Every structure is written in structure tokens, then in C-alpha cells.
Amino acid sequence: MVKRIKVVVTGANGFVAKNLRKYLSKNNVDLISISRSDFKEYDNELKIISKNYDEKIILNKIKNSDALIHLVGLGKQSVNIDYEMINVEFTKHIVNLAKKAKIKKIIYNSGLGVSSKTSVGYFISKYKAEKIIMNSGLNYTIFRPSYIVGKDDLFTKFLKKQIKLKIIEIPGSGNYSIQPISINDVVKVFLQSLDQIKFKNKIIDLVGPDYLTFEQYVKLFSKDTKTKIKKINLENAYYDAITNSKSNFGVDDLNILIGDFKGNYNKLQKITQIKFESVIELLKSGGLL
Ligand SMILES: NC(=O)c1ccc[n+]([C@@H]2O[C@H](COP(=O)([O-])OP(=O)(O)OC[C@H]3O[C@@H](n4cnc5c(N)ncnc54)[C@H](OP(=O)(O)O)[C@@H]3O)[C@@H](O)[C@H]2O)c1
């Protein structure tokens, strides 16, 4: 009989986690999923609800799992909660739990644009999280995703809302580029990375085959919908981001967009041998609407 893999997923209610749990469950992976709030579990899934990922509640349940996928992350900070608390200190807590539970492998989503030279607060916190994982002694795979697209990601939901209002605002020229990857491909890559040796102790960009400008992306997304695209002055977009906590784009959303980061798609393709979806084709077919 083939041994089933047992995997712990943190941040179970997030966009990536929801899609991943569904896919892993279908592919006969046993799941132990942890979240701060309640969620509907799959047949082969053990649910743990814990606000602070309390060791007393969690440790016994996750002991000797094969891998842990850490999907807790913060992309916008406030006075109550900041990157250091969630992206750095919380990662430290999860790594300690994984070590105590004798889990051998950890998989983490960092971000495309993370490097030792970055001056962006969000990337600095992800860089520190990468270092914590790399120095943990655990077998690791760190992914650096560009924008992960699906029907239910935050940006797709935001664009759909703007289409209803018949106007989409884009910051600045819109000439900066993104390299989106479909969530359907991301979940396949994660499944492979659970036990394949070629992922061991690697940092891999999680990017799709298409590199397109933000304006092109938005135009394709909203084609056939009679939505007006309005460019807003970048200074105004930053002003709104700095002074209004509910702004459409946060300061670091803008930093990441303007950063124009490009990842190594060929490396990802070579390691996984997956035929990746073209997000341009997906947009043309209206597959995200
Ligand atoms: N989506 C992308 O395009 C993208 C791109 C680059 C990197 N990433 C990274 O990939 C990971 C998953 O992204 P995602 O898009 O799925 O994000 P998401 O939907 O925001 O999910 C992140 C999850 O983190 C958990 N979380 C947030 N604040 C927390 C807190 N204070 N304490 C404990 N848990 C907290 C929540 O899980 P519960 O609600 O279950 O508690 C939340 O659902 C993140 O690390 C993100 O930075 C994503």
C-alpha cells in the first residue's frame, strides 16, 4: 500500500490555502489545517482553530506530519498589526512548532522582489522570514510568487467590483509589468514540492509564462464590459495610500507594482515540467470573470 502524505497548512482560510486544500484533498493528501476562524473541512482533513497558534492546542495534533505549508502572511500593516509581528515573528513561532513536532519539511510563500538589496518594508519582512526558514535546519522550499490569479483572489474581486461601477482606476502610467500565475498551476507546483527531491532547499520564483503591463492586464480583464479605464496620478495614489487605511492600493502594493519585478519562469518550468496556463489566454477567454 502506498503511504499517504500528511501535511499541515497554516492560514487555512486564505486565498491560496483554500484552493490548495481543495486540490491536495482531491489528490489523497491528508490535511491538518489551522486557522484563526472556523471553516468547512474536507473528509481527509483535521481542523484546528486557534487565534495565536497555541502550542498546547496544536503540537500533539501535528506531530510527525510529513510537511508544513506556511501560508500566513500580511500585505498591509497598521498600528495594531505589522509585518514584523506576522511575517517575521509568527514565522519564527511556526518554525519552532514544526521542529518540536519533528516535521522535516517546510514550504513557504515569500514574494517576487525579495532580495538582500530591498528597501521595501514588506520585502524586508519576507527576506527575514526566508532567513529564519533557511537557518532552521529543516528541509525547505521557498517560493517567490508574483501575482497569483484565480476567481477568488483579492485583486480579481476588486476588479469585478470596479467593473460594476463601470470605471477602473489604475495608478500612474500602468506601464509597469506583472508576471501573473494561475492558482490552478500554483497548487500543482505545491503538490510536487511536498516530496520531490528537486525542490529540496531551493528558492524558486512562482511566476507564469506571460509578462505584461498592468494596463494590458486590466484592459484584457475588462474587455467586452464597457468599463472605462482611468489613469490616476501616481502622487495622488500614494497620497491616498499613505493617508487612508482603506485606499484601493496600499503603499506596498504600489511599491511592488512600480518595482516591475520579473521572475525566472524557465527555471520553474524546468523543475516542474508543468504546461503552465497562459494568463493572457485565460483573460481573453473571460475565465476570471
Ligand atoms: N496571492 C498572491 O498573489 C501572493 C503573492 C505573493 C506572495 N503571497 C503570499 O502567499 C501567502 C498566502 O497568500 P494569500 O493570497 O492566500 O493571502 P490571504 O488570502 O491574505 O491569506 C493569508 C492568511 O494569513 C492568515 N493571517 C493573516 N493575518 C494573520 C494574523 N494576524 N494571525 C494569524 N494568521 C493571520 C489568515 O488565515 P486565517 O484567516 O485562516 O486565520 C489569512 O487568511 C502569504 O504569505 C502571501 O504573502 C501571495
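Predicted, not measured: the structure shown is a model, and the values here were computed from it.

1. Points about the overall build of the protein chain
And step 1. Helix and strand counts for the protein chain stand at 11 helices and 13 strands.
And step 2. In terms of C-alpha radius of gyration, the protein chain reaches 19 Å, essentially the compact-globule figure of 19 Å for 289 residues.
And step 3. Looking at the 289 residues of the protein chain, the share that counts as buried comes to 51%.
And step 4. Roughly 14600 Å² of accessible area belongs to the protein chain as shown, and the carbon and sulfur atoms make up 52% of that amount.
And step 5. Where the 48 positive side-chain charges of the protein chain centre and where its 28 negative ones centre are 3 Å apart.

2. Quick look at the site of the ligand
And step 1. Not every one of the 21 residues close to the ligand is listed here, only the nearest: Asn-13, Val-16, Ser-35, Arg-36 and Ile-148.
And step 2. Here an oxygen atom of the ligand and a backbone polar atom of Gly-73 are 3.3 Å apart.
And step 3. Tyr-122 is positioned such that a nitrogen or oxygen atom in its side chain is 3.2 Å from an oxygen atom of the ligand.
And step 4. Elements supplying a minimum of two residues to the shell around the ligand: helix H1 (15-26) and helix H4 (121-134).
And step 5. Its residues assigned to classes, the shell around the ligand comprises 11 nonpolar, 8 polar and 2 charged.

3. Concerning the packing of aromatic side chains
Here the distance between the centres and the angle between the planes together describe a pair of aromatic rings.
And step 1. By the definition in use, this model includes 16 aromatic pairs.
And step 2. Between Phe-143 and Phe-199 the ring centres are 6.4 Å apart and the planes differ by 65 degrees, which places this aromatic pair in the edge-to-face class. Of this pair, Phe-143 sits in strand E6 (residues 139-145) while Phe-199 is found in the loop between helix H6 (183-195) and strand E11 (202-206), placing the two residues 56 residues apart along the sequence.
And step 3. On the basis of an interplanar angle of 65 degrees and a centroid distance of 5.9 Å, the ring pair of Tyr-147 and Tyr-217 is categorised as edge-to-face. Residue Tyr-147 is located in the loop between E6 and strand E7 (148-149), and its partner Tyr-217 is located in helix H7 (residues 214-222); the two are separated by 70 residues in the primary sequence. You'll find Tyr-147 and Tyr-217 in the same group, each marked buried.
And step 4. Each residue in the set Tyr-147, Phe-155, Phe-158, Tyr-176, Phe-214, Tyr-217, Phe-221 and Phe-249 is aromatic and connected to the rest through ring pairs, giving one cluster.

4. Here we look at the side chain of Arg-21
And step 1. Structurally, Arg-21 can be placed in helix H1.
And step 2. Arg-21 gets classed as buried once you look at its relative accessible area, which sits at 3%.
And step 3. Engagement of the side chain of Arg-21 in a polar contact is seen with the backbone oxygen of Ala-12, the distance being 2.9 Å.
And step 4. Those residues in contact with Arg-21 that sit more than four places away from it in its chain are Val-9, Ala-12, Leu-31, Ser-33, Phe-39, Lys-40, Glu-41, Tyr-42 and Glu-45.

5. Digging into the sheet that holds strand E4 (residues 67-70)
And step 1. The sheet built from 7 strands is open, its strands ordered E3-E2-E1-E4-E5-E6-E11 with parallel pairing. The outermost strands of the open sheet, each flanked by one partner alone, are strand E3 (45-49) and E11. In this sheet, neighbouring strand axes are inclined to one another by 15 degrees on average, regardless of whether the strands run parallel or antiparallel.
And step 2. Alignment of strand E5 (residues 105-109) against E6, held across 5 bridges, turns out to be parallel.

About the cut-offs
Residues numbered from 1 in each chain as written. Predicted model: local features only at pLDDT ≥ 70, side-chain atom pairs only at ≥ 80, totals over all residues. Heavy atoms only, no water. Helix = DSSP H or I, 4+ residues; strand = E, 2+ residues; numbered from the N terminus. Rg over C-alpha atoms; globule rule 2.2 N^0.38 Å. Buried < 20%, exposed > 50% of the residue type's maximum accessible area, 1.4 Å probe, protein only. Areas by Shrake-Rupley, 256 points an atom, 1.4 Å probe, with all protein chains shown as cover. Lys, Arg positive; Asp, Glu negative; His and termini not counted. Charge placed at Lys NZ, Arg CZ, Asp CG, Glu CD. Near = heavy atom within 4 Å. Polar contact = N/O pair within 3.5 Å; in protein donor to acceptor, adjacent residues only side chain to side chain. Nonpolar A, V, L, I, M, F, W, Y, C, P; charged D, E, K, R; others polar. Phe/Tyr/Trp six-rings, centres within 6.5 Å; stacked < 30°, edge-to-face > 60°. Contact = heavy atoms within 4.5 Å. Pairing = 2+ DSSP bridges. Axes fitted to C-alpha atoms, helices over the stretch in contact; angles between N-to-C directions.

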